Amino acid sequence: MITLSVNGQPRQLKVPDEMPLLWVLRDELDVKGTKFGCGVAQCGACTVHIDGEPVRACITPVGGIGDGKVVTIEGIAGSRQGRAIQEAWLELDVIQCGYCQAGQIMTATALLTQNPTPDDAAIDVAMEGNLCRCATYKRIRAAIKSASGQPVDDTRNRGTEA
């Protein structure tokens, strides 16, 4: 029996230790916001937080989490940074298809928790492992800056990204 804390709720599961956290969330706990992308930790769509650190749920065995606190996109608004990121995402129309956005938001929230006012270089480094097929990278950067309270030149961040 495995006990996990997911979004502040203790959950007990009878699953193999090696089962990836992504499948536990989606298939066992019906927490569907975390997406399957590549399955090899290269795209970031499955990003969640364990004890505040962004991790790829597709390769994280549930048995290795121990007492770690798991937070998914469904629980990210529980932090000031998470709420700020979600509000900025909506305000700046970051989302196009939306598939990668849960992972993007989770990574951006972790960045702001660790660095409350990141510059462009810090944003780029933190976000480089999160892929967006719609290429909304400029809007993602603008939303992170907005959420951190930094000025954003919104006019250059709207419209086609490619």
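Above this text you will find the structure in question.
Residues numbered from 1 in each chain as written. Predicted model: local features only at pLDDT ≥ 70, side-chain atom pairs only at ≥ 80, totals over all residues. Heavy atoms only, no water.

1. What to know about the overall build of the chain
When helices and strands are counted, the chain shows five helices and five strands. Element order for the chain, N to C, with α for helix and β for strand: β-β-α-β-β-β-α-α-α-α. Summarising its shape, the C-alpha atoms of the chain cover approximately 50 × 30 × 25 Å along the three principal directions. Burial analysis of the chain (162 residues in total) assigns 44% to the buried set. Sequence separation of 24 or more characterises 55% of the internal contacts of the chain that already satisfy a separation of 6 or more. Split by element, the accessible area of the chain, about 8,200 Å² in all, is 51% carbon and sulfur. Charged side chains of the chain number 16 positive and 19 negative; the gap between the two group centres comes to 3 Å. (Helix = DSSP H or I, 4+ residues; strand = E, 2+ residues; numbered from the N terminus. Buried < 20%, exposed > 50% of the residue type's maximum accessible area, 1.4 Å probe, protein only. Contact = heavy atoms within 4.5 Å. Areas by Shrake-Rupley, 256 points an atom, 1.4 Å probe, with all protein chains shown as cover. Lys, Arg positive; Asp, Glu negative; His and termini not counted. Charge placed at Lys NZ, Arg CZ, Asp CG, Glu CD.)

2. Focus on the pattern of salt bridges
For the structure shown, the criterion picks out four salt bridges. With its nearest N and O atoms 3.8 Å apart, the salt bridge here joins Asp120 to Arg141. Taken together, the positions of Asp120 in helix H4 (residues 120-127) and Arg141 in helix H5 (residues 137-147) put the pair 21 residues apart, joining distant regions of the chain. Given a relative accessible area of 24%, Arg141 falls into the partly exposed group. The shortest N-O distance in the salt bridge between Asp120 and Lys145 comes to 2.9 Å. Placement of Asp120 in helix H4 and of Lys145 in helix H5 is noted, with a sequence separation of 25 residues between them. (Salt bridge = Lys/Arg side-chain N within 4 Å of Asp/Glu carboxyl O.)

3. Observations regarding the packing of H4 against H5
Following both chains from N to C, one finds H4 and H5 inclined at 120°, their axes separated by 10 Å at the closest point. Here the hand of the crossing between H4 and H5 comes out right-handed. Between H4 and H5, the residues in contact are Asp120, Ile123, Asp124 and Met127 and Ile140, Arg141, Ile144 and Lys145, respectively. Tallied by class, residues from the contact of H4 with H5 come to four nonpolar, no polar and four charged. (Axes fitted to C-alpha atoms, helices over the stretch in contact; angles between N-to-C directions. Left-handed = near helix turned anticlockwise from the far one by under 90°. Nonpolar A, V, L, I, M, F, W, Y, C, P; charged D, E, K, R; others polar.)

4. What to know about the sheet that holds strand S5 (residues 69-71)
Pairing is mixed across the open sheet formed by five strands, whose spatial order is S2-S1-S5-S3-S4. Among the strands making up the open sheet, the edge pair consists of strand S2 (9-13) and strand S4 (53-56). Strand after strand, the sheet turns through a mean of 40° between neighbouring axes, direction not considered. Across the sheet, helix H3 (residues 101-114) is in contact with strand S3 (47-50), S4 and S5; its angle to S3 comes to roughly 40°. (Pairing = 2+ DSSP bridges.)

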